[in-house]
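Structure at a glance
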Amino acid sequence: MSAPLIIINFKVYNEGFGQNAHRIAAAAEEVSEESGVRIGVAPNFMEIHPMSNHFRIPVYAQHVDGVAPGASTGHILAGAVRAAGAFGTLINHSERRLTLADIEAAVEAAQAARLETVVCTNNAPTSAAAASFAPDYIAIEPPKLIGTGVSVSRADPDIIEGSVQAVHAVNPEVKVLTGAGISTGEDVKIALDLGTSGVLLASGVVKAGDPAKVLRDLVSLI
Ligand code: G3P
């Protein structure tokens, strides 16, 4: 069993910009250091460089494109994200969906740039397809539960177990994260008990009045 990972996705919430982003990342670093649990942050693109400079916790991009350096205006280059200090990247978040071919290209580009890869999926079959590209992680997130505060760990444990089985049938090296509605230590414990290696969450921490308090609860049963 790999060491648990918690990734906080700041999305483009107002609470995840500027000083607010700094406050959440500082809380994540403090709780990570006191608990020993690996906690990463996925801020908006403009914050990748300042966050990587300022904090020791891993910083993830929210997306990269599978393009090579050259004439691709408006795309996000994996190498540039890496050069800005990112440790890894999300790919195919349900709010930034890609075609299967684009996911493959993005994973290849991220791997070539030595970024840890976290491919988001919405069910067991897409998880299996994504596993064939050998990312580091698959994050299974049923879209209907995202941002609801209703934890997928409790509301739909079957989709988690089914995805873990589907992923490991394709490639046992690929780790799985649980996402959507996660907000408590109990949600994290259930996710780990279902065979996943951690959680990907957003609103439960980003919109919290006291992010450090929520983070301490999240790691409390690991
Ligand atoms: O990337 C995390 C995500 O989509 C889940 O969001 O707000 O339900 O934790 P949330």
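Further up the page is the structure itself.
Let me begin by describing the structure that accompanies this report. Values in this document were obtained by computation on a predicted structure and should not be read as measured data.

In this section: the overall build of the protein chain. The helix and strand inventory of the protein chain stands at 10 helices and eight strands. For the protein chain, the C-alpha radius of gyration of 16 Å lies close to 17 Å, the compact-globule estimate for 222 residues. Taken over the C-alpha atoms alone, the protein chain extends approximately 45 × 40 × 30 Å along its principal axes. Relative to its 222 residues, the protein chain shows a buried fraction of 52%. Relative to all contacts within the protein chain whose residues are 6 or more apart in sequence, the contacts with residues 24 or more apart total 66%. Computed over 15 positive and 23 negative side-chain charges, the separation of the two mean positions in the protein chain equals 3 Å.

Near the ligand you find Asn9, Lys11, His93, Glu141, Ile146, Gly147, Ala180, Gly181, Leu200, Leu201, Ala202 and Ser203, and these make up its full shell. Here an oxygen atom of the ligand and a backbone polar atom of Gly181 are 2.8 Å apart. Protein burial of the ligand: of its 310 Å² of free accessible surface, 100% is covered by the chains. One can see that the ligand is located within the largest cavity. Here the residues of the shell around the ligand sort into five nonpolar, five polar and two charged.

By the secondary structure assignment, Val59 is in the loop between helix 2 (48–54) and strand 3 (60–61). Setting aside chain neighbours within four positions, we find Val59 in contact with Val41, Pro43, Ile48, Met51, Ser52, Ala86, Phe87 and Gly88.

The next subject is the packing of helix 1 (residues 18–35) against helix 10 (residues 211–219). The description of two packed helices rests on the angle between their axes and on the distance between the axes. Look at helix 1 against helix 10: their axes get within 9 Å of each other, and the N-to-C directions meet at 35 degrees. Crossing handedness for the pair helix 1 and helix 10: right-handed. Residues Arg23, Ile24, Ala27, Ala28, Glu30, Val31, Glu34 and Ser35 of helix 1 pack against Pro211, Ala212, Leu215, Arg216 and Val219 of helix 10. The class makeup of the residues in the contact of helix 1 with helix 10 is eight nonpolar, one polar and four charged.

Here we come to the sheet that holds strand 4 (residues 88–91). Within the open sheet, the eight strands sit side by side as 2-1-8-7-6-5-4-3. Their pairing is parallel. Strands with a single pairing partner mark the edges of an open sheet, and in this sheet they are strand 2 (38–42) and strand 3. When strand 1 (residues 5–9) meets strand 8 (residues 198–201), the two strands line up parallel, connected through four bridges. Note that in strand 8 the partner of Ile8 across the bridge is Leu201.

A few words on the layout of surface pockets. To locate leftover empty space, one rolls a probe as large as a water molecule over the atoms. If you add up the space inside the largest pocket, you get close to 160 Å³. Every residue along the wall of the largest pocket is listed here: Asn9, Lys11, Val12, Phe45, Gln62, His63, Ile76, Leu90, His93, Glu95 and Arg96. When grouped by side-chain class, the residues that make up the lining of the largest pocket number four nonpolar, four polar and three charged.

The next point concerns the packing of aromatic side chains. Taken as a whole, this structure holds one aromatic pair when the rule is applied. A ring pair is formed by Tyr60 and Phe87, whose centres lie 6.0 Å apart and whose planes are at 80 degrees; its orientation type is edge-to-face. Linking Tyr60 in strand 3 with Phe87 in the loop between helix 3 (78–83) and strand 4, this pair joins segments that are 27 residues apart in sequence. For Tyr60, a relative accessible area of 0% translates into the label buried. On the basis of relative accessibility, which here comes to 35%, the residue Phe87 falls in the partly exposed class. Against the face of Tyr137 rests Lys175, its NZ or CZ located 5.0 Å from the ring centre.

This part is about helix 5 (residues 124–131). Residues of helix 5 that are buried include every one of Ser127, Ala128, Ala130 and Ala131, and no others. Relative to the axis of helix 5, the buried residues are bounded by an arc of 165 degrees and lie together on one face. Looking at the buried side of helix 5, the elements it contacts are strand 5 (116–121), strand 6 (137–140) and helix 7 (157–170).

Among the five residues that make up strand 7 (residues 175–179), four are buried, leaving the element largely enclosed by the rest of the structure. Here strand 6 runs beside strand 7; their pairing, made up of four bridges, is parallel. Across the sheet, the residue bridging to Ala139 is Leu177, located in strand 7. Pairing geometry for strand 7 and strand 8, over two bridges, is parallel. Residue pairing in the sheet places Gly179 in a bridge with Leu200 of strand 8. The parallel pair strand 7 and strand 8 is bridged by helix 8 (residues 185–193), and the resulting crossover is right-handed.

Scoring rules and cut-offs
- Residues numbered from 1 in each chain as written.
- Predicted model: local features only at pLDDT ≥ 70, side-chain atom pairs only at ≥ 80, totals over all residues.
- Heavy atoms only, no water.
- Helix = DSSP H or I, 4+ residues; strand = E, 2+ residues; numbered from the N terminus.
- Rg over C-alpha atoms; globule rule 2.2 N^0.38 Å.
- Buried < 20%, exposed > 50% of the residue type's maximum accessible area, 1.4 Å probe, protein only.
- Contact = heavy atoms within 4.5 Å.
- Lys, Arg positive; Asp, Glu negative; His and termini not counted.
- Charge placed at Lys NZ, Arg CZ, Asp CG, Glu CD.
- Near = heavy atom within 4 Å.
- Polar contact = N/O pair within 3.5 Å; in protein donor to acceptor, adjacent residues only side chain to side chain.
- Areas by Shrake-Rupley, 256 points an atom, 1.4 Å probe, with all protein chains shown as cover.
- 1 Å grid on protein atoms, 1.4 Å probe; cavity = no way out; pocket = protein on both sides within 12 Å on 5 of 7 lines; lining within 4 Å.
- Sits in = over half its atoms within 2 Å of the grid points.
- Nonpolar A, V, L, I, M, F, W, Y, C, P; charged D, E, K, R; others polar.
- Axes fitted to C-alpha atoms, helices over the stretch in contact; angles between N-to-C directions.
- Left-handed = near helix turned anticlockwise from the far one by under 90°.
- Pairing = 2+ DSSP bridges.
- Points joined across faces, edges and corners; volume = space filled by probe spheres on them.
- Phe/Tyr/Trp six-rings, centres within 6.5 Å; stacked < 30°, edge-to-face > 60°.
- Lys NZ or Arg CZ within 6 Å of the ring centre and 35° of its normal.
- Arc of directions from axis to C-beta.
- Right-handed = clockwise from strand over helix to strand, strands pointing away.

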